[in-house]
Structures are given as structure tokens and as C-alpha cells.
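Structural description and commentary
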Amino acid sequence: MSSNLHPMLNVAVKAARAAGAIINRAALDVEAVRVSVKQTNDFVTEVDHNAEAAIIENLLTAYPGHGILAEESGSEHGAKDSEFVWIIDPLDGTTNFIHGFPFYCVSIALAVRGKIEQAVVYDPIRNDIYSASKGRGAYVNDRRLRVAKRIRLQECLISTGFPYRPGDKLKPYLNMLGEVMSQCAGVRRPGAAALDLAHVAAGFSDGFFESGLQPWDVAAGSLLITEAGGLIGNYTGESDFIDHGECVAGNPRIYGQLVATLGKYSKFAGAGDKASVRQTLQDDTAAGDIASTTLPADKPTLKAMKVKTLVTGDSGPQDAPL
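Quick caveat: nothing in here was measured; it's all calculated off a predicted structure.

1. Some remarks on the pattern of salt bridges
One pass over the structure, following the stated rule, counts eight salt bridges. Linking Arg-126 and Asp-128 is a salt bridge whose minimum nitrogen-to-oxygen distance equals 3.5 Å. What emerges from the salt-bridge pattern is a single network uniting Lys-38, Glu-71 and Glu-72.

What follows is the structure in C-alpha cells.
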């Protein structure tokens, strides 16, 4: 981390470490952690609540006049009308945490009049602090972060997040995923958007895209990306994206190539693009229906082949698949 930390960033780092200590203690006996379900496949644990309480206590002790927007408690803490709002995800990757899958993090950002100015993403497993202050660069611990330099999408590793809630639009996502998979070297789905964005900022992956995200998933990561020389926005490339529920990030060249692919799937896409996506989905569905009705007829059953052999003596090609 840079030696002359902004004082507000210092407080955020301290808060993130306090939350990380709670998470690491609980991870020693994850089976004992109490889990409840917010909605299908959307879990919250006592660890989320305890980590969030520790973060809020640290932040409001230092800055009692600031506002809070936190995943579990919303805006019930802090000042309601402050120009300074801390955006907090106490444990991004709760599903991973519950299973002992080692990919989760703490995410804390400070918005000043709606613009992100301070950011911390803490990986408690590796004890890595990713941090950024607007205009001062992004760091992991003491090392300056830069996005990866690859400029051809076919050489790139792209991370994403899968739809998991009821009502998530699976078909358009699978089409999107199929397009990106066919254009790049590999797609990964680690399961914590804030840490995925930190990894893009660090150059561990070349780009990221996901739908259905909340401000606390992307607020801190967005500043890490831009301070590391990357771009982040919605699928059509608009940079004012935090409340849009869709996010794409990468170095400027890869970002541009991803936007070219993903733009038509954006809820902000033009009518023509939306119509073309709808047509593609209809064509896929129709093709699926045709395939499902014609395949069995084209492929004779073993019994039918035996009958044909008995009646005609013709067993067909010897290497015909059964």
C-alpha cells in the first residue's frame, strides 16, 4: 500500500481488517456457522452480520456524520443526508464461504456526492489489501496495480458471475456467455464480484462481466479498476453504471471488445439490438424444439434395428451407432 494513505482510506483499511478477523475466525469451523436464506440461493450468515457491525462501528466512530449503505442493514445506520456515504459488502462470496470454497472478501467504498473516492477490497484468506484513493493509483499491499496489457480478446482470461436467483434471465446470459467463451482463451466464475474486479485491476484476469449486481458488489472494485488504468461501465459502455445492475471491466482495448459483444444484451440497448437478441433467443428455442422432435425419429432404436434385421436380413452398416 502507498505509504501516505488518505486518512479516510486508513480508517476503511482498519475496518476491513476487523471484519476479516471475524471471517477468518469463523472459517476455522464453518460447519458451526448459522445460515439463513434471504431468497432462493441467496444466503446470509451471522458472520455477514457480525462483520458488517464491526465495519460500521469503525467507520462511524471515526466519522459519525457520514452515511452508510450496507448489504445487510441498508441505510439504517449513519446520517441520512450526508454527502459522504460508505458502501459496504461485509462478506462478498457468502455461498463460497459457507462451503469452505476459498474465494471471498470484504468490500468498502466511500462515495462523495455520488462519486467513489476511496476503496478497499480485503482478501482475508491471502491477507491482501487492495486499496485505491481517487487520483492516487491502486495498490495491493505495497505494490502498485496495473491492468493486464493483452489487447486481443482471444488471448484473454475473462471472469464472470452466473445467474443464481429465481427470475434471473438464464437464456440471454447463456447466449452472452457462449459469445464471450468463443472469443476468449477462458472464462472463470470464482463467485465474488468485488474480488473479481480487484483481480482485473491486478492483471490476474483481463476482464469481467456480470448482470444483477448491487452497488456494494461493484463500488470499491470500480475505483480499483480505473485507478489501475482500466475502464468499467455497463454493457453499452456508460461509465455511470453503479445502479444499473450490469457491469463490464477490463483494460481499455479489452473493455471495448467486450462492450461490442455485450452491448446488445444491455437493458439500455437500443430497440434494434434488443429485437435482434429476442430473435436469436426465439431461433435458438425453435431450433431446440426442432431438434427435440426430429432427433428420436432420425435415430432408430435398438429394437427397431433388430426387427429390420429379422424381416429383411439387412443389419445396415456394421459401425452404425446404436
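What follows picks up the thread again.
2. What to know about the sheet that holds strand β4 (residues 84-92)
Spatial strand order, β3-β4-β5-β6-β7-β8-β9: seven strands in an open sheet with mixed pairing. Two strands close off the open sheet at either side, each with one partner strand: β3 (67-70) and β9 (143-144). Of the strand pairs in this sheet, β3 and β4 are connected by four bridges, and their pairing is parallel. Within β4, the residue paired with Gly-67 across the bridge is Val-85. The strands touched by helix α6 (residues 215-227) are β3, β4, β5 (105-112), β6 (115-123), β7 (128-133), β8 (138-140) and β9; relative to β6, the strand with the most contacts, the crossing angle is about 100°.

3. Here's the deal with the sheet that holds strand β13 (residues 231-233)
A sheet is described by the order of its strands in space; here five strands give the open sequence β11-β10-β12-β14-β13, paired in mixed fashion. Because the sheet does not close on itself, it has two edges, and the strands there are β11 (186-188) and β13. Here the strands of the sheet are splayed against their neighbours by 15° on average, with no regard to which way each runs. Where strand β10 (residues 157-160) meets β11, three bridges bridge the pair, whose relative direction is parallel.

4. Focus: the side chain of Thr-94
Inspection of the secondary structure assignment puts Thr-94 in helix α3 (residues 94-99). Classification of Thr-94 as buried rests on a relative accessible area of 9%. One polar contact links Thr-94 to Asp-48, side chain to side chain, over a distance of 2.8 Å. What Thr-94 contacts, discounting residues up to four positions off in sequence, is Phe-43, Val-44, Thr-45 and Asp-48.

5. Describing helix α2 (residues 46-62)
Between its first and last C-alpha atoms α2 spans 25 Å; for 17 residues at 1.5 Å apiece the expected length is 24 Å, and the two agree. Residues of α2 that are buried include every one of Val-47, Asp-48, Ala-51, Glu-52, Ala-54, Ile-55, Ile-56, Asn-58 and Leu-59, and no others. Where α2 is buried, its residues touch α1 (7-27), β2 (42-45), β3, β4, α3 and β5. You can read the cap of α2 off the contacts: a side-chain oxygen lies 3.0 Å from the backbone nitrogen of Val-47, and it is on Thr-45.

Analysis parameters
Residues numbered from 1 in each chain as written. Predicted model: local features only at pLDDT ≥ 70, side-chain atom pairs only at ≥ 80, totals over all residues. Heavy atoms only, no water. Salt bridge = Lys/Arg side-chain N within 4 Å of Asp/Glu carboxyl O. Pairing = 2+ DSSP bridges. Helix = DSSP H or I, 4+ residues; strand = E, 2+ residues; numbered from the N terminus. Contact = heavy atoms within 4.5 Å. Axes fitted to C-alpha atoms, helices over the stretch in contact; angles between N-to-C directions. Buried < 20%, exposed > 50% of the residue type's maximum accessible area, 1.4 Å probe, protein only. Polar contact = N/O pair within 3.5 Å; in protein donor to acceptor, adjacent residues only side chain to side chain. Expected span 1.5 Å × (residues − 1).

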